[in-house]
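Spelled out from the first residue to the last, the chains are:
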Amino acid sequence: MPPSTPSIIAPPKTGAATGVTGAYTKCGLVGKGSFGAVFLVRHTKKGGETLIMKEIQTKGQPSSEVKATKQEIAVLKHIRHPNI
């Protein structure tokens, strides 16, 4: 029995899951959780470089969750690693 290849991306959904977000074009949904989603994106100006983008919905979230999300963003901005 040949090994199965795991599916990495799902087809893009309509609405927020498709289209262009800033300099990135969403190609497909990788995963979704209770607060947001992760998308496979392609940079529109850097030769089509493929990346992963985490999109978190803060609307309707308690202020403590919004604050935690902003802290995560601040930490990630300072990390220098090829996978982040």
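What counts and how
- Residues numbered from 1 in each chain as written.
- Predicted model: local features only at pLDDT ≥ 70, side-chain atom pairs only at ≥ 80, totals over all residues.
- Heavy atoms only, no water.
- Helix = DSSP H or I, 4+ residues; strand = E, 2+ residues; numbered from the N terminus.
- Buried < 20%, exposed > 50% of the residue type's maximum accessible area, 1.4 Å probe, protein only.
- Contact = heavy atoms within 4.5 Å.
- Areas by Shrake-Rupley, 256 points an atom, 1.4 Å probe, with all protein chains shown as cover.
- Salt bridge = Lys/Arg side-chain N within 4 Å of Asp/Glu carboxyl O.
- Phe/Tyr/Trp six-rings, centres within 6.5 Å; stacked < 30°, edge-to-face > 60°.
- Lys NZ or Arg CZ within 6 Å of the ring centre and 35° of its normal.
- Core = buried A, V, L, I, M, F, W, Y, C linked by side-chain atoms within 4.5 Å.

## Here's the deal with the overall build of the protein chain
Here is step 1 of the chain: A tally of regular secondary structure across the protein chain gives one helix and four strands.
Here is step 2 of the chain: Looking at the protein chain as a whole, 15% of its 84 residues are labelled buried.
Here is step 3 of the chain: A separation threshold of at least 6 residues defines the contact pool for the protein chain, and within that pool the share at least 24 residues apart is 9%.
Here is step 4 of the chain: For the protein chain, the exposed area adds up to about 6,600 Å²; of that, 60% sits on carbon and sulfur atoms.

## What to know about the pattern of salt bridges
Here is step 1 of the chain: Taken as a whole, this structure holds two salt bridges when the rule is applied.
Here is step 2 of the chain: Note that Lys26 and Glu55 form a salt bridge whose closest N and O atoms lie 2.8 Å from each other. Pair noted here: Lys26 is in strand S2 (residues 24-32) and Glu55 is in strand S4 (residues 50-56), with a separation of 29 residues, a long-range link. Accessibility assignment for this pair places Lys26 and Glu55 in one class, buried.
Here is step 3 of the chain: A salt bridge links Glu72 to Lys54, with the shortest nitrogen-to-oxygen separation between them at 2.9 Å. Of this pair, Glu72 sits in helix H1 (residues 63-78) while Lys54 is found in strand S4, placing the two residues 18 residues apart along the sequence.
Here is step 4 of the chain: Overall, the relative accessible area of 52% leaves Lys54 in the exposed class.

## A look at the packing of aromatic side chains
Here is step 1 of the chain: Under the criterion given, the structure shown has zero aromatic pairs.
Here is step 2 of the chain: The side chain of Lys26 reaches across the aromatic face of Phe39, ending 4.4 Å from its centre.

## Regarding the side chain of Thr69
Here is step 1 of the chain: Locating Thr69 in the fold gives a position in helix H1.
Here is step 2 of the chain: Residue Thr69 is classed as buried on the basis of its relative accessible area of 13%.

## Considerations on the nonpolar core
Here is step 1 of the chain: Formed by Leu29, Ala37, Phe39, Val41 and Met53, the largest nonpolar core amounts to five residues.
Here is step 2 of the chain: Sorting elements by how many residues they give to this core places strand S3 (residues 36-43) first, with three residues.

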